[in-house]
Amino acid sequence: NAGVTQTPKFRVLKTGQSMTLLCAQDMNHEYMYWYRQDPGMGLRLIHYSVGEGTTAKGEVPDGYNVSRLKKQNFLLGLESAAPSQTSVYFCASSYPAGVTEAFFGQGTRLTVV
Amino acid sequence: RKEVEQDPGPFNVPEGATVAFNCTYSNSASQSFFWYRQDCRKEPKLLMSVYSSGNEDGRFTAQLNRASQYISLLIRDSKLSDSATYLCVVNGITGGGNKLTFGTGTQLKVEL
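Bear in mind that the values here come from a model prediction, so they are computed numbers and not experimental data. (Residues numbered from 1 in each chain as written. Chains lettered and ligands numbered in written order. Predicted model: local features only at pLDDT ≥ 70, side-chain atom pairs only at ≥ 80, totals over all residues. Heavy atoms only, no water.)

### Description of the pattern of salt bridges
For the record, the criterion: The salt bridge definition used is simple: a Lys or Arg side-chain nitrogen within 4 Å of an Asp or Glu carboxyl oxygen. In this scheme, a residue with accessible area under 20% of its type's maximum is buried, one over 50% is exposed, and one in between is partly exposed, where area comes from a 1.4 Å probe on protein chains only.
Summed over all chains, the structure comprises 7 salt bridges over all chains. Between Asp38(A) and Arg44(A) there is a salt bridge; the shortest N-O distance is 2.9 Å. Note on Asp38(A): relative accessible area 11%, which makes it buried. Exposure remark for Arg44(A): the relative accessible area of 17% places this residue in the buried category. Of the charged contacts in the structure, one is a salt bridge between Asp39(B) and Arg37(B), with a shortest N-O distance of 2.8 Å. Several salt bridges converge on common partners, so that one network encompasses Arg36(A), Asp38(A) and Arg44(A).

As structure tokens, this is what we get:
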């Protein structure tokens, strides 16, 4: 059982380039999340989705777009990368509401130069 | 004020010590609470859920105080393998649905 899989695991981008991070889960979870983690800042929510075809903004959505065309996939896009987007990105998924654990992917280390 | 606040540490303790972490949250409507563990350069993983009555899992005890809006984690008989960052997580229902909010984490270093 793969759980939550993120691709790629590492990437170096030049300023202004675009890329898409893919998150796939095989647990039939309704909810999916994208977080970024920076030193001293903890995990900050970028965008999240409560179901196929729906997305919502989190705490730090600027500069990112997302899509949830299929229940099992949640894509995070950077249209024009900036050095401030250098971070570790984590995807997570969970069942909705109540006492529910979130499962994380292994993270994507992105450097924008 | 941050939604979830933790002392970042680091807490440096000798092996066998007892150590406690606290976490405060600002949204009184928050419904469920967790402690996650994160090892260096790895993804967070659930350590334990936190229930109103308090709960224990081996050497770990979690407690919730809704009136004061804080959560605690107690680790007894610390092991070297307990060295990690401990994240306090609060789950609240918003207009957009279920949302997990993480604290910045408390770093624990257990030493010989």
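### A word on the nonpolar core
Short version of the rule: Take the buried Ala, Val, Leu, Ile, Met, Phe, Trp, Tyr and Cys residues and link them wherever side-chain atoms come within 4.5 Å; each set so joined is a nonpolar core. Note on contacts: a residue pair is in contact if any heavy atoms of the two residues lie within 4.5 Å.
By size, the foremost hydrophobic cluster in this structure holds 23 residues, and its most contacted members are Phe21(B), Trp35(B), Ile71(B), Leu73(B), Ile75(B), Tyr86(B) and Leu108(B). Setting aside residues no more than four positions away along its own chain, Tyr86(B) makes contact with Gln6(B), Phe21(B), Trp35(B), Tyr36(B), Arg37(B), Leu47(B), Phe60(B), Leu73(B), Ile75(B), Gly105(B), Thr106(B) and Leu108(B).

### Description of the sheet that holds strand β7 (residues 65-67) of chain A
All names here are of chain A. Where we set the bar: At least two bridges found by DSSP between two strands are what make those strands a pair. Think of it this way: any DSSP run of H or I at least four residues long counts as a helix, any run of E at least two long counts as a strand, and we number them from the N terminus. The angle between two axes is taken between their N-to-C directions and runs from 0 to 180 degrees, where each axis is a line fitted to C-alpha atoms and a helix contributes only its stretch in contact.
With antiparallel pairing, 4 strands are arranged side by side in an open sheet as β1-β3-β8-β7. Edge positions in the open sheet fall to β1 (4-7) and β7, since each of these has one partner strand only. Looking at each pair of strands side by side, their axes are set apart by 20° on average, direction ignored. By the bridge criterion, 6 bridges tie strand β3 (residues 19-25) to strand β8 (residues 73-78) in an arrangement that is antiparallel. Counterpart to Leu-21 in the pairing with β8 is Leu-76.

On their own, these measurements won't tell you what the molecule is for.
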